[in-house]
Amino acid sequence: MHGPGSTAEPWVLIGSPRPKRMRSAPYRSRRVGLLAAVVVVAVVALLVSVPVPARASPSVAPVAPQSSGGVGYTVTWNNADVSSASSASSAMSIDLSQTANLVYYYNVSLTGPSVTISDARLQMYYLGFAVSTRDQVLTNPTPGSGHIPLSWTPVSIGYLLEGVYRLTASFLAPNGTTMWSENFYVRGTAPFGFVALLPIVLLIIIVYEVYGLVRSGRYAGIGRPAEGGAPPSTPPPQPSGESAPSEETSPPAGPPDEGGGSPPSGGSS
Amino acid sequence: MSAASHGAGCGVVLGIVLVVFLQQVGYLDLSDLVPTLEYLIVGAVIGGVLGTLIGWALGRNYLARHAADAAASAK
């Protein structure tokens, strides 16, 4: 077996598994890596470009209190009336790591009915459920006008979520009935602009799934030959074989797939 | 699992995740349940269809280039 050097080289080539695949694997992984990098850059650019309507700053101008049953109700968020952010496109841009100071005003007219407010409530909704509820309860509610300050620091939410959310400010009577409520929208930004858990997790999932989608073509080679005994897509045997003795013996014998070398199976003399 | 079905799975997940992600970056409002479900279903369907097409095309491309490899690895 250790005869002339010319016979040693074919043995080395046969033993090496698929030199073409070893050559193309780094190239393919480089392409996938480049694609993943492009996707990440695009998504980060999407993150940074906040829609302009969502940046609409609230109007500080006082709005006439909205009356309900002879009682005027007004809610302010850092001295801005929340009725100015009644749609998602005009949402107030807030920092979820900062404290929000809300004031609930209620003005009872002298000729109107006697109304007692005992609770000011703020709720934040996501997917139809209240993810945060803040109450400010008066210990001794008295009939008449007044205001209820409420401070809210959604730091725990800020590290979890960001985006546009609907909030509801409500006035509650001592018996628990809602006297008045108003929906408004805020666009919360995470601490430092990006430190929120859910967007980061979603970004990782997106990159992973895009990577899986790009590599989904490899699944075409799995299971296809298992349908029939002799796969129709198998390449014909290399012409180097003298008479193609049997198709069963040629695959385990070595690399018959692409025949990158000149002497694929010329015998072991 | 074929390339098309794998692409469909990835596309469905991508469609759902993209809807939630667009809310997180401020492009969608998912405060209410009913429009949220509509957005998620539409995203899943569109993602599934696109993923199926992409997976099918990539599978054909892969088979065209690596038919011999696929046959050998299936043994």
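This is a predicted model, so every value here is computed, not measured.

Definitions and cut-offs
Residues numbered from 1 in each chain as written. Chains lettered and ligands numbered in written order. Predicted model: local features only at pLDDT ≥ 70, side-chain atom pairs only at ≥ 80, totals over all residues. Helix = DSSP H or I, 4+ residues; strand = E, 2+ residues; numbered from the N terminus. Contact = placed C-beta atoms within 7 Å. Pairing = 2+ DSSP bridges. Axes fitted to C-alpha atoms, helices over the stretch in contact; angles between N-to-C directions. Core = buried A, V, L, I, M, F, W, Y, C linked by C-beta atoms within 7 Å. Buried ≥ 20, exposed ≤ 12 C-beta atoms within 10 Å, placed from the backbone. Domains from an automatic or database assignment. Parallel < 35°, antiparallel > 145°, perpendicular 65-115°, else oblique. Left-handed = near helix turned anticlockwise from the far one by under 90°. Nonpolar A, V, L, I, M, F, W, Y, C, P; charged D, E, K, R; others polar. pLDDT = per-residue confidence, 0-100.

To continue, consider the overall build of chain A. Across its full length, chain A holds five helices and 10 strands. Of all intrachain contacts in chain A linking residues separated by at least 6 positions in sequence, the fraction that spans at least 24 positions is 67%.

Okay, the sheet that holds strand β4 (residues 92–95) of chain A next. To summarise the sheet geometry, strands pair through backbone hydrogen bonds and adopt either a parallel or an antiparallel arrangement. Residues and elements named next belong to chain A. Spatially, five strands are ordered β4-β10-β9-β6-β7 in an open sheet, and the strand pairing comes out mixed. Because the sheet does not close on itself, it has two edges, and the strands there are β4 and β7 (129–137). Put simply, the sheet's adjacent strands are angled 30 degrees from each other on average, direction ignored. In this sheet, strand β9 (residues 163–172) lies alongside strand β6 (residues 119–126) in antiparallel orientation, the contact comprising seven bridges.

With 60 residues, the main nonpolar core has A:Y104, A:F171, A:Y185 and A:V186 as its most contacted residues. Per element, the largest residue contribution to this core is 12 residues, and it comes from helix α1 (residues 3–24) of chain B. In this structure, this core is formed jointly by two domains, domain 1 (1–49 + 194–206 + 249–263) and domain 2 (53–189) of chain A, each of which donates at least three residues. Ignoring anything within four residues of it in the chain, the contact list for A:F171 reads A:Y73, A:Y104, A:Y106, A:I117, A:A120, A:M179 and A:W180.

Time to look at the packing of helix α4 (residues 197–214) of chain A against α1(B). Where α4(A) meets α1(B), the axes come as close as 9 Å, and the angle between the chain directions of the two elements is 155 degrees. In terms of orientation, α4(A) and α1(B) fall into the roughly antiparallel class. Read as a crossing pair, α4(A) and α1(B) show a hand that is left-handed. Along the contact surface, α4(A) presents A:L198, A:P199, A:L202, A:I205, A:I206, A:E209, A:V210, A:G212 and A:L213, while α1(B) presents B:G7, B:C10, B:G11, B:V13, B:L14, B:V17, B:L18, B:V20, B:F21 and B:Q24. Across the contact of α4(A) with α1(B), the residue classes break down as 14 nonpolar, four polar and one charged.

The next subject is the environment of A:A85. Residues and elements named next belong to chain A. Mapping A85 onto the fold places it in the loop between β3 (80–81) and β4. Look at A85 and you get buried, because 26 C-beta atoms sit within 10 Å. In the structure, A85 is positioned 99 residues away from F184 in sequence and 5.3 Å away in space, judged by C-alpha atoms.

With 87% of its residues at a pLDDT of at least 70, chain B reaches an overall mean of 89. Model confidence for the complex is summarised by a pTM of 0.64, with the ipTM given as 0.88.

With that settled, consider the environment of A:L172. Residue and element names in this part refer to chain A. Of note, L172 is situated in strand β9. For the pair L172 and D119, spaced 53 residues apart in the sequence, the C-alpha separation amounts to 4.9 Å. Setting aside chain neighbours within four positions, we find L172 in contact with S118, D119, R121, T177, T178 and M179.

Residues and elements named next belong to chain A. Most of β9 is tucked away: nine of the 10 residues are buried. Judged from the 10 bridges that link them, β9 and strand β10 (residues 178–189) form a sheet pairing that is antiparallel. Its bridge partner being in β10, V164 is matched across the sheet by R187. Between β9 and β10, which pair antiparallel in sequence order, lie five residues; one of them, G176, sits at a positive phi of approximately 95 degrees.

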